[in-house]
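Working through the structure, step by step
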Amino acid sequence: MRIAALLAVLLGLSVSAQAEVMGDRDGELRETASGVLLAWDDVGQTWRKPVAFWQAFAQREGVKSWGQSREYPPYDDVRELDVFMVELDSGLCLMQFYHQRWRRANDVRRWSPGFNSLAGCPDVFK
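The next subject is the state of the cysteines. This model, assessed by the stated rule, comprises 1 disulfide. The side chain of C93 participates in a disulfide bridge whose partner is C121; the two sulfur atoms lie 2.1 Å from each other. Sign of the S-S torsion, about 100° for the bond between C93 and C121, identifies this disulfide as right-handed. In this pair, C93 is assigned in strand β6 (residues 91-98) and C121 in the segment after α3 (105-109), connecting sequence segments 28 residues apart.

A separate point is the environment of A58. Examined against the element boundaries, A58 turns out to sit in helix α2 (residues 50-60). On the basis of relative accessibility, which here comes to 11%, the residue A58 falls in the buried class. Distance from A58 to M95, taken between C-alpha atoms, is 9.9 Å for residues 37 residues apart in sequence. Those residues in contact with A58 that lie beyond four places of it in its chain are V63, S65 and V83.

By way of backbone hydrogen bonds, the strands of a sheet pair with one another, either parallel or antiparallel. Read across the sheet, 4 strands follow the order β4-β5-β6-β7 without closing on themselves; strand pairing throughout is mixed. The outermost strands of the open sheet, each flanked by one partner alone, are β4 (65-69) and β7 (101-104). The sheet shows a mean angle of 30° between the axes of neighbouring strands, taken without regard to direction. Inspection of the sheet shows strand β5 (residues 83-88) paired to β6 by 6 bridges, in the antiparallel sense. Along β6, the bridge assignment pairs L88 with G91.

Quick look at the sheet that holds strand β3 (residues 46-48) now. Strands sit in the order β1-β2-β3 across an open sheet of 3 strands; the sheet is antiparallel. The sheet terminates laterally at β1 (29-31) and β3, the two strands that pair on one side only. Between one strand axis and the next, the sheet turns by 40° as a mean value, whatever way the strands run. With 3 bridges joining them, β1 and strand β2 (residues 37-41) adopt antiparallel strand pairing.

Thresholds applied
Residues numbered from 1 in each chain as written. Predicted model: local features only at pLDDT ≥ 70, side-chain atom pairs only at ≥ 80, totals over all residues. Heavy atoms only, no water. Disulfide = S-S within 2.5 Å. Helix = DSSP H or I, 4+ residues; strand = E, 2+ residues; numbered from the N terminus. Buried < 20%, exposed > 50% of the residue type's maximum accessible area, 1.4 Å probe, protein only. Contact = heavy atoms within 4.5 Å. Pairing = 2+ DSSP bridges. Axes fitted to C-alpha atoms, helices over the stretch in contact; angles between N-to-C directions.

What follows is the structure in C-alpha cells.
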C-alpha cells in the first residue's frame, strides 16, 4: 500500500513539473521548412505568426491596448502593463508599459530572445 501511495505522489509531481515546463513554451519561436517564422501561443495551443501572437497576447491580458500607431500614447494616460504596437519603417513591435516607461514586450515577458530581432523591435530605441 505504501508503494502505491508513493507512486501516486511521484506521478503527481511529475505531471505538475511537466505542466510547468509546457507553460514555458509560450513565446517560443520556430521556423517552418518553408521559412515562415511562428511563435507558440500557450493559451491558444497553436503556432501563430509573431504579429498575430502579439495581438493575441494583447487581447488576453486584460490590460488596455493602445492599438497600433507611429505615435506613442500620451504618457499621463498610460497605466502599468498597457500594451501598444509601435509602427516603424522596419516593421511593428509590441511594447508594454512597465515601471514607468515603454519597453519591448519581450523584455518584460521574456519570450524567445528572437523577438527582439524581429521587424521593428531592434529599432524601437534608436
